Amino acid sequence: MPDQVKLEDSLRKLSGIGPHRVQLFEQLGLGTIGDLLFHFPRRWEDRNIQPTFNNLSPGIKATVRGWLMGGDERRPRPDMTISSFNLRDKKGNTIGLVFFNQPFRKGQLNRGREIIATGKVEERFGQLQMNNPKVETTIRSNSLHYGRIVPIYPASKGLSSRLLRTAVHAALKTCNSEIKEIIPPGIRKRHQLFPRAAAIREMHFPTDWKALRRARHTLAFEELLLLQLGILQTQANINGISHQPDGELVAKFLANLPFRLTQAQERAIIELARDMEGTQPMNRLLQGDVGSGKTIIAAYALVKSVENGYQGVLMVPTEILAEQHYLNLCHLFKPLGLDVTLLSGSITGPVRDKIGENIRCGKTQVVVGTHAVIQEGVEFANLGVVVIDEQHRFGVSQRSHLLKKGDNCDLLTMTATPIPRTLALVFYSKQNVTILDELPPGRRPVKTYWIGERARPRVYEFLRRQVLEGRQAYIVCPLIEESEKLEVRAATELLASLRERVFPELRLGLIHGKLALVTKEKIMAEFQGGKIDILISTTVIEVGIDVPNASIIIIENAERFGLAQLHQLRGRVGRGTHDSYCFLLGAPSTEEGKQRLEAMTKTSDGFRLAEMDLKMRGPGELLGTQQSGLPVLKVANLIDDIVLMDGARKEARDILLQDPTLRAPEHIALQQSLPDLFGSNWHRRRA
Ligand code: ADP
Ligand code: MG
């Protein structure tokens with residue numbers, strides 16, 4: 001008896017697959033029989049044979065069987081042939097089959113021959129017909145390609161769905177008994193899962209639609225269970241820093257705040273304290289809409305760590321924001337005698353060396369910076385807490401690079417881009433989430449208008465009046481994906497024309513990413529200090545910038561921005577107690593673009609906008625798998641499978657509670673399957 005073929009074996013072990021085809025399969029990433037079995041159809045088609053033609057209706061796709069009656073070939077133009085045939089069922093009903101530019105059909109489809117045809121049924125002059133149907137001339141009682149629900153695989157060069165069907169079928173036949181259960185029986189029963197081998201078989205060649213649904217349910221559940229196990233397991237039992245309860249320094253910090261904390265902020269601080277004082281490293285996400293006051297929570301974490309003799313670092317995505325946070329923290333921390341420093345890409349040479357030295361020897365207690373803080377050569381004496389602001393702008397690897405500068409230190413990430421619940425369950429299932437669901441008192445929603453070019457002069461007049469009343473404004477120039485240089489030029493030109501023709505009497509400023517840090521600092525300080533009335537800017541002001549006196553923002557070519565970005569930009573105003581306004585100038589050419597601008601005028605709720613964004617663009621766009629560090633899911637869908645996800649998460653928690661390392665015999669198979677989903681290095685991630 002030959003050796004049993006294994007799932008890890010090469011596809012060559014399957015009959016009918018030679019070296020050439022093996023290569024084609026490899027191009028699809030399919031090297032082994034197991035890979036092939038997990039290469040699932042993109043969709044399925046009902047190709048059960050209709051017994052007679054009289055209940056066929058136009059518009060549906062159908063598979064029919066009958067006898068050819070006779071044909072006819074026309075050449076309306078020299079470069080075109082039309083071959084038509086009549087097909088008759090056993091009751092005498094007929095349907096036309098029409099082929100364009102397939103002259104070989106004349107020789108193939110002989111009168112009297114019995115065939116099977118699949119195609120879309122159409123009606124022409126009262127007669128049913130199919131155009132360019134798929135035809136089978138040898139009829140089998142048990143075919144893979146008709147007479148059943150047929151899988152359609154993602155198209156690829158040289159490998160037709162037909163060939164894939166045959167190969168998958170061969171694989172199932174050879175290896176069915178090799179497909180082992182990985183989910184313990186109790187869970188299988190609770191969630192009404194198919195046996196694994198049956199699920200895989202039904203996924204490819206479903207008995208009926210109901211069985212297909214259950215097969216999909218089974219495999220999606222399996223995938224989500226592994227996902228949750230992987231994520232939850234990496235968290236288990238690392239010893240971190242146990243900070244002491246708040247002492248004098250923190251008390252002084254809290255007593256000196258320039259405002260009273262909102263209740264949401266107070267809750268957040270309590271949760272943070274509990275995490276930081278615990279033995280496991282903190283891993284908390286702080287989610288709060290623009291303007292909800294996240295910075296002060298970050299400051300709390302930093303000062304608490306300093307009080308315990310550690311250093312803290314705050315990483316942000318742009319230089320302008322780093323500068324702003326730096327000034328802010330200096331304000332809060334200098335009276336407490338803390339040593340705070342700024343580190344960004346444009347700080348170089350001896351100055352930078354000195355900063356590096358101070359961080360290394362522990363003299364500097366708090367570092368604020370851009371991703372410059374994760375570069376090599378930046379070493380901390382004793383890092384206690386890492387805070388990442390606007391964390392959606394960073395990738396997983398940047399996050400873990402920063403964490404590696406310390407030894408299991410605490411992590412606080414912050415974002416104003418809310419993650420809808422489904423995604424939160426995946427991305428943050430090992431993270432604790434705090435939500436700031438309250439804005440500081442006195443805030444009113446920003447009045448938002450979507451306007452066309454014709455309204456521009458009126459908006460400028462309105463802006464002028466606001467400035468005369470003492471307010472300030474932003475005008476944001478269009479995003480130009482391809483080139484920051486063009487973006488800068490557009491902003492420069494806008495400044496010149498506004499200065500000359502529209503607002504000669506007002507004080508205008510310009511800021512963009514290409515300016516030197518000192519220049520940026522100077523301009524932001526002038527704007528902050530009320531010495532600039534209107535700040536013309538590229539998207540560098542998108543995140544975090546906080547000038548409460550600014551009450552108007554005009555966004556040029558608003559159709560070029562995504563919803564999340566528009567919401568962030570709008571968040572630059574409405575941060576004080578004045579009435580605030582956002583004008584979206586734009587003429588979207590797509591339906592989706594219109595919906596976006598429409599949505600902005602209707603709601604100021606970041607969560608609602610994020611959900612709309614997710615619906616319009618899908619999670620890939622919103623978070624990007626690369627960005628998220630998530631494995632690619634083959635069956636489960638992060639938007640639709642929320643209920644399954646909940647179930648899988650609960651089971652994963654229970655399993656890990658009894659058996660944190662998945663060593664028990666009934667869990668070994670799960671443990672061994674984790675690398676299939678996450679790749680072999682998955683357990684090294686901590687994010
Ligand atoms: P975001 O959550 O967008 O990062 P910030 O931390 O920048 O928000 O805070 C927005 C503005 O609100 C800042 O000017 C900040 O000083 C102010 N602020 C924060 N908390 C409060 C509060 N409890 N009461 C009044 N103003 C506050
Ligand atoms: Mg912020």
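Keep in mind it's a predicted model, so treat the numbers as computed, not measured. (Residues numbered from 1 in each chain as written. Chains lettered and ligands numbered in written order. Predicted model: local features only at pLDDT ≥ 70, side-chain atom pairs only at ≥ 80, totals over all residues. Heavy atoms only, no water.)

Q: Explain the sheet that holds strand β11 (residues 311–315) to me, please; I cannot follow it from the model alone.
A: The 7 strands lie next to each other as β12-β13-β11-β14-β15-β10-β16, forming an open sheet whose pairing is parallel. Each edge of the open sheet is held by one strand with a lone partner, namely β12 (340–343) and β16 (432–436). Along the sheet, successive strands turn relative to each other by an average axial angle of 20°, direction set aside. In this structure, β11 lies alongside strand β14 (residues 383–388), joined through 5 bridges in parallel fashion. Note on β14: the bridge partner recorded for Gly 312 is Val 385. (Pairing = 2+ DSSP bridges. Helix = DSSP H or I, 4+ residues; strand = E, 2+ residues; numbered from the N terminus. Axes fitted to C-alpha atoms, helices over the stretch in contact; angles between N-to-C directions.)

Q: Is there a simple way to explain the packing of helix α8 (residues 248–255) against helix α10 (residues 295–307) in this structure?
A: Angle between the axes and distance between the axes: these two values describe a pair of packed helices. For the pair α8 and α10, interaxial distance at closest approach is 8 Å and the crossing angle is 155°. With respect to α10, the element α8 is oriented roughly antiparallel. Classified by chirality, the crossing of α10 by α8 is right-handed. Touching Glu 248, Leu 249, Val 250, Phe 253 and Leu 254 of α8 are Ile 296, Ala 299, Tyr 300, Val 303, Lys 304, Val 306 and Glu 307, all from α10. (Parallel < 35°, antiparallel > 145°, perpendicular 65-115°, else oblique. Left-handed = near helix turned anticlockwise from the far one by under 90°. Contact = heavy atoms within 4.5 Å.)

Q: Would you mind showing me how to read the packing of aromatic side chains here?
A: The geometry of an aromatic ring pair is captured by the separation of the ring centres together with the interplanar angle, meaning the angle of the planes. One pass over the structure, following the stated rule, counts 8 aromatic pairs. Seen from their ring centres, Tyr 449 and Phe 583 are 5.6 Å apart, and the 20° between their planes marks the pair as stacked. Placement of the pair is Tyr 449 in strand β17 (residues 447–451) and Phe 583 in strand β22 (residues 581–585), with a sequence separation of 134 residues. Residue classification places Tyr 449 among the partly exposed positions, given a relative accessible area of 36%. Three or more aromatic residues link up through ring pairs in this structure, and these residues are Tyr 449, Phe 462, Tyr 581 and Phe 583. Looking at Arg 214, its charged tip hangs above the ring of Phe 194, at a distance of 4.4 Å from the centre. (Phe/Tyr/Trp six-rings, centres within 6.5 Å; stacked < 30°, edge-to-face > 60°. Buried < 20%, exposed > 50% of the residue type's maximum accessible area, 1.4 Å probe, protein only. Lys NZ or Arg CZ within 6 Å of the ring centre and 35° of its normal.)

Q: For this particular structure, what's the right way to read the pairing of β12?
A: Successive side chains on a regular strand alternate, one facing one side of the sheet and the next facing the other. Burial along β12 is two-sided: Val 340 and Leu 342 facing one way and Thr 341 and Leu 343 facing the other are all buried. Relative to strand β13 (residues 366–369), β12 is paired through 4 bridges, and the arrangement is parallel. Along β13, the bridge assignment pairs Leu 342 with Val 368. Running through helix α12 (residues 349–361), the crossover from β12 to the neighbouring parallel element β13 is right-handed. (Right-handed = clockwise from strand over helix to strand, strands pointing away.)

Q: What's the story with the state of the cysteines in this structure? I'm lost.
A: Note on terminology: disulfide describes a covalent bond linking the sulfur atoms of two cysteines. For the structure on display, the rule yields 0 disulfides. Its sulfur unpaired, Cys 361 is 18 Å from the next cysteine sulfur, which belongs to Cys 330. With relative accessibility at 46%, the residue Cys 361 sits in the partly exposed group. The closest cysteine sulfur to the non-disulfide-bonded Cys 477 is located on Cys 582, 14 Å from its own sulfur. (Disulfide = S-S within 2.5 Å.)

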